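# Structural features, examined
Listed below are the residues making up each chain.
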Amino acid sequence: MANANVRVRFCPSPTGNPHVGLVRTALFNWAYARHNQGSLVFRIEDTDAARDSEESYEQLLDSMRWLGFDWDEGPEIGGPHAPYRQSQRMDIYKDVAEKLLAAGHAYRCYCSTEELDARRDAARAAGKPSGYDGHCRDLSAEQIAAYEAEGRQPIVRFRMPDEAITFEDLVRGEITYQPENVPDFGIVRANGAPLYTLVNPVDDALMEITHVLRGEDLLSSTPRQIALYKALTELGIAKLTPAFGHLPYVMGEGNKKLSKRDPQASLNLYRERGFLPEGLLNYLSLLGWSFSADQDVFSIEDMVAKFDLADVNANPARFDLKKAESINGDHIRMLDVKAFAAACEPWLRAPFANWAPEDFDQAAWEAIAPHAQTRVTVLSDITANVDFLFLKEPVEDEASWTKAMKGDPVGLLTTARAKLEAADWASADSLKEAVLAAGEEHGLKLGKAQAPVRVAVTGRTVGLPLFESLEILGKDRTLTRIDAALAKLTA
Ligand code: GLU
Ligand code: ZN
């Protein structure tokens with residue numbers, strides 16, 4: 001049942017190229033919002049000036065647009081809770097931190113890093129919990145004055161309640177954290193900069209987020225956020241506490257967590273290789289969710305119609321590049337041929353294509369496109385499949401040449417050339433008959449007979465259907481290439 005009150009958020013930090021884990025999180029939030037006809041809030045968590053960059057911000061927006069996501073509030077469109085970039089909301093966080101301090105939900109912690117480290121090591125050695133020990137929870141006015149006189153710069157720490165925190169994770173079920181495992185945590189740095197631990201739940205509260213769907217790596221921050229929400233509710237800042245759902249880890253090669261730095265994780269890689277956004281999203285939707293027991297390929301609209309958190313699985317999902325490619329290939333085949341031809345165009349021009357722009361022939365491309373559409377799994381495959389049409393001479397590939405030019409290639413090519421010259425060039429079937437007949441004269445089946453022709457004309461042993469390719473390339477260019485091959489063979 002649709003629930004238009006659903007408000008989810010996608011809130012990345014602009015710290016580098018978007019990676020597939022981030023895209024999966026965006027997808028699940030977007031699909032959940034659209035399924036419910038609720039709202040997706042897009043928020044930029046750029047409070048870390050040292051790591052965030054404007055370039056990454058632009059890339060994020062560009063990636064979201066390319067993937068086809070839209071949002072109801074956020075960058076470029078604004079909304080009732082603007083601004084949606086945390087770097088522009090610093091006064092809000094400062095104000096909330098003051099209120100938490102005034103109400104006793106937070107306190108100033110004067111411990112130095114050295115002191116914290118020493119006490120943590122001692123606790124560990126004694127086999128005790130090694131998180132913050134509450135040293136500054138209840139400092140007297142004298143102690144505070146003494147620390148201030150020493151010139152110490154305090155951080156602000158949130159005071160965790162001394163009781164267990166239990167919540168119902170939408171993916172993993174009931175989860176309980178014992179207080180000794182969730183120590184008081186910093187929310188504002190000594191230099192006054194607010195931390196993720198504060199700004200993320202504060203904004204979720206102010207933006208009235210109902211469901212927090214994010215990666216499992218953030219699970220351990222949830223008990224802290226729930227405690228903070230309680231304090232924010234008491235202060236009248238939060239109206240509701242969201243439900244939380246943690247999406248399963250994505251595993252890469254060797255069953256290790258796919259890391260942001262893994263080249264296989266970079267969204268740009270998939271764009272450059274020519275994944276269709278709908279193919280990539282289809283595949284990513286299967287990382288932790290399934291459409292049905294017997295169907296892996298579906299449209300985004302169908303995914304949205306079916307998407308429900310109840311079907312998200314807690315088990316780690318394995319990123320399988322081969323499967324991603326195969327699903328993408330299926331989406332390529334689902335395009336109508338005009339859309340396919342248009343989608344390939346970037347790969348038919350520099351810098352991906354190695355022929356001169358003026359040698360590209362639109363009519364030849366449109367003629368070959370239907371044959372190519374059945375063969376490529378990613379759009380970048382197109383270049384090698386059709387380069388024989390646009391290069392002045394076919395590529396030279398020694399391995400293909402050696403493989404195909406066996407037996408009596410001179411005899412076969414000479415016969416084939418004569419028969420092709422006499423064939424009807426308006427019919428691929430007639431060209432096939434010519435090569436078939438040439439093969440018969442030399443005791444070769446069609447497969448063996450067409451190999452030297454293919455390599456002479458396209459440079460490669462594998463490629464698009466040969467006789468359609470020859471027809472589109474044309475009689476003159478085909479015969480010239482066979483002549484060139486014969487010259488090379490007899491030199
Ligand atoms: N900015 C955080 C991140 O990129 C968001 C985490 C969350 O969804 O709470 O990891
Ligand atoms: Zn302290």
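Please read all numbers here as calculations on a predicted model, not as lab measurements. (Residues numbered from 1 in each chain as written. Chains lettered and ligands numbered in written order. Predicted model: local features only at pLDDT ≥ 70, side-chain atom pairs only at ≥ 80, totals over all residues. Heavy atoms only, no water.)

Now for the overall build of the protein chain. Summing up its helical and strand segments, the protein chain has 20 helices and eleven strands in all. In terms of overall size, the protein chain is more extended than a compact globule, its C-alpha atoms giving a radius of gyration of 31 Å where 491 residues would be expected to give roughly 23 Å. For the protein chain, with 491 residues in total, the buried portion stands at 49%. Within the protein chain, counting contacts between residues at least 6 apart in sequence, those at least 24 apart form 76% of the total. (Helix = DSSP H or I, 4+ residues; strand = E, 2+ residues; numbered from the N terminus. Rg over C-alpha atoms; globule rule 2.2 N^0.38 Å. Buried < 20%, exposed > 50% of the residue type's maximum accessible area, 1.4 Å probe, protein only. Contact = heavy atoms within 4.5 Å.)

Another aspect to go through is the site of ligand 1. The environment of ligand 1 is formed by Arg9, Cys11, Pro12, Ser13, Glu45, Tyr196, Asn200, Arg214 and Leu218. In this structure, Asn200 approaches ligand 1 through a side-chain N or O atom, which is 3.0 Å from an oxygen atom. At a separation of 2.8 Å, an oxygen atom of ligand 1 approaches a polar side-chain atom of Arg214. For the shell around ligand 1, the per-class residue count stands at four nonpolar, two polar and three charged. (Near = heavy atom within 4 Å. Polar contact = N/O pair within 3.5 Å; in protein donor to acceptor, adjacent residues only side chain to side chain. Nonpolar A, V, L, I, M, F, W, Y, C, P; charged D, E, K, R; others polar.)

The subject of this paragraph is unusual backbone geometry. A cis amide bond links Ala82 with the next residue in sequence, Pro83, at an omega value of 0°. Structurally, the position occupied by Pro83 is in the loop between α2 (54-67) and α3 (90-102). Of the consecutive residues Ala350 and Pro351, the connecting peptide bond is found in the cis state with omega at 0°. Secondary-structure assignment places Pro351 in the loop between α12 (337-344) and α13 (362-373).

For the rest of this paragraph, the subject is the packing of α13 against helix α19 (residues 466-473). Two numbers describe a pair of packed helices, the interaxial angle and the distance between the axes. Running from amino to carboxyl end, α13 crosses α19 at an angle of 175°, the nearest separation of the two axes being 10 Å. The orientation of α13 relative to α19 falls into the category roughly antiparallel. Between α13 and α19, the residues in contact are Ala364, Ala367, Ile368 and His371 and Glu468, Ser469 and Ile472, respectively. The residue makeup of the contact of α13 with α19, split by class, is four nonpolar, two polar and one charged. (Axes fitted to C-alpha atoms, helices over the stretch in contact; angles between N-to-C directions. Parallel < 35°, antiparallel > 145°, perpendicular 65-115°, else oblique.)

Scanning the model with the defined rule gives 19 aromatic pairs in all. Note on Phe340 and Trp365: the rings are 6.1 Å apart at their centroids and 40° apart in plane angle, and the pair reads as tilted. Of this pair, Phe340 sits in helix α12 while Trp365 sits in helix α13; the two residues are 25 residues apart in sequence, bridging distant segments of the chain. In this structure Phe340 comes out as buried when scored by relative accessible area, which is 0%. For the pair Trp355 and Phe390, a centre-to-centre distance of 5.0 Å together with 45° between the ring planes defines the contact as tilted. Remark: Phe390 occurs in helix α14 (residues 382-390) and Trp355 occurs in the loop between α12 and α13; sequence separation between them is 35 residues. A residue is classified by how much of its surface remains accessible, and Phe390, at 2% relative accessible area, is buried. Positioned above the aromatic ring of Tyr57, the side-chain terminus of Arg85 is 3.7 Å from the ring centre. A cation over a ring is seen here: Arg157 above Tyr132, with NZ or CZ 3.5 Å from the ring centre. (Phe/Tyr/Trp six-rings, centres within 6.5 Å; stacked < 30°, edge-to-face > 60°. Lys NZ or Arg CZ within 6 Å of the ring centre and 35° of its normal.)

Per the UniProt record, the feature "domain: Glutamyl/glutaminyl-tRNA synthetase class Ib catalytic" (unreviewed entry) sits at residues 5-323. In residues 5-323, helix accounts for 36% and strand for 14%; the two terminal C-alpha atoms are 36 Å from one another. (UniProt positions renumbered as here; feature names shortened; annotations may be inferred.)

This part covers the coordination of the zinc ion (ligand 2). Around the zinc ion (ligand 2), the protein contributes the donor atoms Cys109 (SG), Cys111 (SG), Tyr132 (OH) and Cys136 (SG), at 2.1 to 2.3 Å from the metal centre. Coordination at the zinc ion (ligand 2) comes from four donor atoms whose angles at the metal span 101 to 121°, giving a geometry best classed as tetrahedral. Of note, the donors binding the zinc ion (ligand 2) are all from one chain and are spaced C-x1-C-x20-Y-x3-C. You can see Cys111 sitting in the loop between β3 (106-109) and α4 (113-125) and its partner Cys136 sitting in the loop between α4 and α5 (141-149), a full 25 residues away along the chain. For Cys111, a relative accessible area of 12% puts it in the buried group. With a relative accessible area of 3%, Cys136 lands in the buried category. (Donors = N, O, S within 2.8 Å, 3.2 Å for Na, K, Ca; no water. Tetrahedral: all angles 85-135°; square planar, octahedral: opposite > 155°, others 65-115°.)

The next point concerns the side chain of Gln86. Examined against the element boundaries, Gln86 turns out to sit in the loop between α2 and α3. For Gln86, a relative accessible area of 0% translates into the label buried. Here the side chain of Gln86 touches Asp203 through a polar contact of 2.9 Å, side chain to side chain. Ignoring any residue separated from it by four or fewer positions in sequence, one finds Gln86 in contact with Arg43, Ile44, Glu45, Asp46, Thr47, Tyr93, Val199, Asn200 and Asp203.

The two faces of a sheet get side chains in turn, since along a regular strand they alternate between them. Burial along strand β1 (residues 7-10) is two-sided: the residues Arg7 and Arg9 and Val8 and Phe10 are all buried. Pairing analysis gives four bridges linking β1 to strand β2 (residues 39-42), with the strands arranged parallel. Of the residues in β2, the one forming a bridge with Val8 is Leu40. As for the winding sense of the linkage, the β-α-β connection from β1 through helix α1 (residues 20-36) to β2 is right-handed. (Pairing = 2+ DSSP bridges. Right-handed = clockwise from strand over helix to strand, strands pointing away.)

Once that is clear, we can look at the layout of surface pockets. The calculated volume of the largest pocket comes to roughly 1200 Å³. Considering the residues around the largest pocket, the lining is formed by 44 residues, among which His19, Leu22, Asp217, Leu218 and Lys260 are closest to the centre. Among the elements of the structure, β1, α1, α6 (196-206) and β8 (211-215) are those that each provide at least two residues to the lining of the largest pocket. Looking at the lining of the largest pocket, its residues break down into 20 nonpolar, eleven polar and 13 charged. Approximately 430 Å³ is the volume attributed to the second largest pocket. In terms of lining, the second largest pocket is formed by 21 residues, of which the most central are Gly131, Tyr132, Asp133, Gly134 and Pro183. Among the elements that take part in the lining of the second largest pocket, α4 stands out by supplying five residues, more than any other. Looking at the lining of the second largest pocket residue by residue, the classes come out as nine nonpolar, three polar and nine charged. (1 Å grid on protein atoms, 1.4 Å probe; cavity = no way out; pocket = protein on both sides within 12 Å on 5 of 7 lines; lining within 4 Å. Points joined across faces, edges and corners; volume = space filled by probe spheres on them.)

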